[in-house]
Amino acid sequence: MKNNNQRKWEILGMTGQKVKVDDIVGILLENRGIKTPKDKKEFFEPTQPEKIGLKALGISKIEIDKAIKRIKRARETKEKVIVYGDYDADGISGTAILWEILYSLGLNVLPYIPERFSEGYGLNADSIKNLKFQDPNLKLIITVDHGIVAHKKIDVAKDLGIDVIVTDHHELAITKPKSFATIHTTKISGAAVAWILSREIVKEFQIPNSKFQISDSLELVAIGTIADQIPLLGPNRSFVKYGLEALNKTKRPGMVALLEGSDLIKGPTRRRVGPYEVGFIIAPRINAMGRLEHAILSLRLLCTKDKKKAQELAAHLNRTNLNRQRIVEEVTLHARRQVKKDMKIIILAHESYHEGVIGLAAAALVEEFYRPAIVLAKKADVAKASARSISGFNIIEAIRKTEEFLIEAGGHPMAAGFSIETRKIGEFTKRLNEISKPLLTSEILTKKLKIDLELTFGQLSQKLFEEIQLFEPTGLGNPTPVFTTKAVEIIDARAIGKDGKHLKLKARSDNFIFDGISFGLGGYYSAISSNKKFDIVYSLEENTWNNHKNLELRIRDIKSDS
């Protein structure tokens, strides 16, 4: 099966040559569903997270009150409390937030992160029993980033005399678990849910000098939100905007060490950390521990006050991440060869696939073939699976329609995970194909490059660039503004980078000339000639050289206009 990198250009708005910058900004906002004056004000001046109401988040005040009352009792009776997190960046960040605030209150509390390979995702019945055996005074578990579908495990805890407070943002099953309190919404990340509970705890307990502490932990919310690919609109825009501000001023020893170890801090110079740096540099390092070893080390990095320990842990995360990259390449290379042309949904299982990286392999297959992908790490009895989807296909909904074959499943419309008896993989594959084929139309399976609007080079200005900067932080749901200009002359071009994979060029239209750079489009070099004109898709960037600032085009796609 060949990869599916041919993209259909979809222009969302059109302008004429006399349209002003303000009108262009208005179209950009409308393309993101931001239409009313209230929505625009909230977009450009997001509400401080401290002031976002529970109702706006879809979180029950009754459940919050129940949780806080139970936490108060645990504090008064000196019960053992476990903050039971998840092993990904969202879960680890949320666990750090909640554990730090409870520990500062004087609770007898410890964080707990399960080991992926022996305990699996979320609550584990044997682990709960072991924790109770180790400390009979354990009477309260608070989950972070999981628990909303853990009905049986919560029942196990209750039978042992342990109350469970669930904090989660994953999709509900048909019924809610019988937890003591359930702090749940799908509108924000798991770390953000933990932060909101922490915020309400701070209000209730009236901790002296707590405002700085709870605001400072917003940096961890930003990491969790970006890492979990939550759309950066509404409350999530607020969490990420103010969280990134905190992250760029962080004094947390573990974060400073991580930023130094990934060259985001070099001596006195700090590179500005935005969504890209979090998503592609910071979060992968935090995630690497849970994928290959034990995520408790990532948690320790975030929470340590010891600079030397932080540096040791950050170095270990860096080494583990390099190893993770190598294993992902091996799994993806093998999986790619198994993909067949007629697959509308890619489902691949193999004994050699490393359970810790199958989600990344699935994501790589989606990127290459633009099909939903499920990769299973096949074991003798039980296989673990990770799924990634494409826009318009709810992967967790489809998977849950095959529940007769599954041990357990959970996730989001775009990403999910489940476990299954190995002997049932064939039946599962057949059933999921039956469910998916009518839904995966040719329209859904066509990769689209969404373009905000068509502009001329004469409309590209410093003022427009400055207005575009106000759209930051950009990401899922609020993408970087993307434009197209037609019939452009490429007056100079050269392939750059290893194997000529990238392209540097000069483009001219209406007597305006801009430098441009594209990553991954080096293959177009041979097709570029002076007697042809091209349509290009790009975003606008600023290049600084010798204290001079120039606008530059980040080219996303090129095609001949003939």
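Up top you'll find the structure we're talking about.
Criteria and cut-off values
- The numbers attached to residues start from 1 for each chain and follow its sequence in the written order.
- Totals for whole chains, interfaces and linings use all residues, but because this is a predicted model, local features are given only for residues with pLDDT of at least 70 and pairs of side-chain atoms are given and counted only at 80 or more.
- Heavy atoms throughout the structure, all of them, feed into the side-chain values; hydrogens and water do not.
- Secondary structure elements are taken from DSSP: a helix is a run of H or I of four residues or more, a strand is a run of E of two residues or more, and numbering for both begins at the N terminus.
- Radius of gyration: C-alpha atoms only; globule rule: 2.2 Å multiplied by the number of residues to the exponent 0.38.
- With a 1.4 Å probe rolled over the protein chains alone, any residue whose accessible area is under 20% of its type maximum counts as buried; one over 50% counts as exposed, and the rest are partly exposed.
- Computed by Shrake-Rupley with a 1.4 Å probe, the accessible areas treat only the displayed protein chains as cover when residues are assessed.
- Counted as positive: Lys and Arg. Counted as negative: Asp and Glu, with His and the chain ends omitted from the count.
- Every charge is mapped to an atom, namely NZ of Lys, CZ of Arg, CG of Asp or CD of Glu.
- Take a side-chain nitrogen of Lys or Arg and a carboxyl oxygen of Asp or Glu: if they are within 4 Å of each other, that pair is a salt bridge.
- Should DSSP find at least two bridges between two strands, the strands are regarded as paired.
- Only the stretch in contact is used when a helix axis is fitted, and all axes are lines through C-alpha atoms; the angle between N-to-C directions ranges over 0 to 180 degrees.
- We call two N or O atoms a polar contact when they sit within 3.5 Å, provided that within protein one can donate a hydrogen and the other can accept it, with sequence-adjacent residues counted only if both atoms are side-chain atoms.
- What makes two residues a contact is simply this: any of their non-hydrogen atoms within 4.5 Å.
- Pairing of aromatic side chains requires ring centres within 6.5 Å, counting the rings of Phe and Tyr and the six-membered ring of Trp. Pairs whose planes differ by under 30 degrees are stacked, by over 60 edge-to-face, and all others tilted.
- Criterion for a charge above a ring: Lys NZ or Arg CZ within 6 Å of the ring centre, and within 35 degrees of the ring normal.
- Here, nonpolar core means buried Ala, Val, Leu, Ile, Met, Phe, Trp, Tyr and Cys residues that are tied together by side-chain atoms lying within 4.5 Å of each other.

Visitor: Describe the overall build of the protein chain, listing the residues and the values that go with them.
Guide: When its secondary structure is counted, the protein chain shows 20 helices and 19 strands. Taking 24 Å as the expected radius of gyration for a compact globule of 562 residues, we find that the protein chain reaches 25 Å, a close match to that expectation. Seen through its principal axes, the protein chain has C-alpha atoms that stretch 80 × 55 × 45 Å. Across the 562 residues of the protein chain, 53% fall into the buried class. As presented, the protein chain carries roughly 26,400 Å² of accessible surface, and 50% of it is formed by carbon and sulfur atoms. Taking the 87 positively charged and 70 negatively charged side chains of the protein chain as two groups, their mean positions are separated by 0 Å.

Visitor: I'd like a description of the pattern of salt bridges, backed by residues and values.
Guide: In the structure shown here, the tally under the stated rule is 26 salt bridges. Here R271 ties to E277 by a salt bridge, and the two come within 3.0 Å at their closest N and O atoms. Between R554 and E541 there is a salt bridge, with the nearest N and O atoms lying 3.4 Å from each other. Here E541 lies in strand β18 (residues 533–545) and R554 lies in strand β19 (residues 548–560), a separation of 13 residues in the sequence.

Visitor: I'd like to hear about the sheet that holds strand β5 (residues 163–168), residue by residue, with values.
Guide: One open sheet accounts for five strands, arranged β3-β2-β4-β5-β6; its pairing is parallel. Looking at strand neighbours, the two that pair on one side only are β3 (108–112) and β6 (181–184), the edges of this open sheet. For this sheet, the mean angle separating the axes of adjacent strands, direction not counted, is 15°. Across three bridges, the pairing between strand β4 (residues 138–143) and β5 is parallel.

Visitor: Report on the side chain of T484, specifying residues and quantitative values.
Guide: Here T484 lies in strand β15 (residues 483–496). On the basis of relative accessible area, T484 is assigned to the buried category, the value being 0%. Within the structure, the side chain of T484 is placed 2.8 Å from the backbone oxygen of I536, a separation counted as a polar contact. Here T484 is in contact with W9, I11, I451, L453, E454, L455, I536, V537 and Y538, once residues within four sequence places are set aside.

Visitor: Let's hear about the pairing of strand β11 (residues 382–388): which residues, and what values?
Guide: Pairing between strand β10 (residues 373–377) and β11: five bridges, direction antiparallel. In the strand pairing of β11, L376 is matched with A385. The hairpin turn running from β10 into β11, its antiparallel successor, is four residues long. Here β11 runs beside strand β13 (residues 415–421); their pairing, made up of seven bridges, is antiparallel. The residue bridging A387 from the neighbouring strand is A416, located in β13.

Visitor: Now, about the environment of Q229: what can you tell me, with residues and values included?
Guide: Tracing the backbone through its elements, the reader meets Q229 in the loop between α11 (218–227) and α12 (235–247). Assessed through its relative accessible area of 59%, Q229 is described here as exposed. Note: C-alpha distance between Q229 and M414 (185 residues apart in sequence) is 9.3 Å.

Visitor: If you had to explain the packing of aromatic side chains to someone new, which residues and values would you point to?
Guide: Each aromatic ring pair is specified by the distance between its two centres and by the angle formed by the two planes. In this structure the tally under the stated criterion is eleven aromatic pairs. Taken together, a centroid distance of 5.0 Å and an interplanar angle of 50° make the contact between Y84 and Y112 tilted. Of this pair, Y84 sits in strand β2 (residues 80–84) while Y112 sits in strand β3; the two residues are 28 residues apart in sequence, bridging distant segments of the chain. These aromatic residues form a ring-pair network of at least three members: F457, F483, F514 and Y538. For R237, the ring lying beneath its charged end belongs to F43, and the centroid distance is 3.8 Å. Across the ring face of W9, the terminal group of K559 is positioned such that the distance to the ring centre comes to 4.2 Å.

Visitor: Describe the sheet that holds strand β12 (residues 406–411), and please don't skip the residues or the numbers.
Guide: Judged by pairing direction, the sheet is mixed, and its five strands sit side by side in the order β9-β10-β11-β13-β12 without closing on themselves. Of all strands in the sheet, those with a lone pairing partner are β9 (346–350) and β12, marking the two edges. Pairs of neighbouring strands in the sheet enclose a mean axial angle of 15°, with direction left out of account. Pairing of β12 with β13, which is carried by five bridges, proceeds in the antiparallel orientation. What sits directly across from G410, in β13, is G417.

Visitor: Please provide a residue-by-residue account of the nonpolar core, values included.
Guide: Ranked by internal contacts, the top residues of the largest apolar core, which has 79 residues, are I71, L98, L102, I201 and I282. Considering every element that reaches this core, the biggest residue donor is helix α9 (residues 190–205), with ten residues. Those residues in contact with I201 that lie beyond four places of it in its chain are I68, I71, L98, L102 and L105. Judged by nonpolar contacts, the second largest core, of 47 residues, contains V328, I346, A387 and A409.

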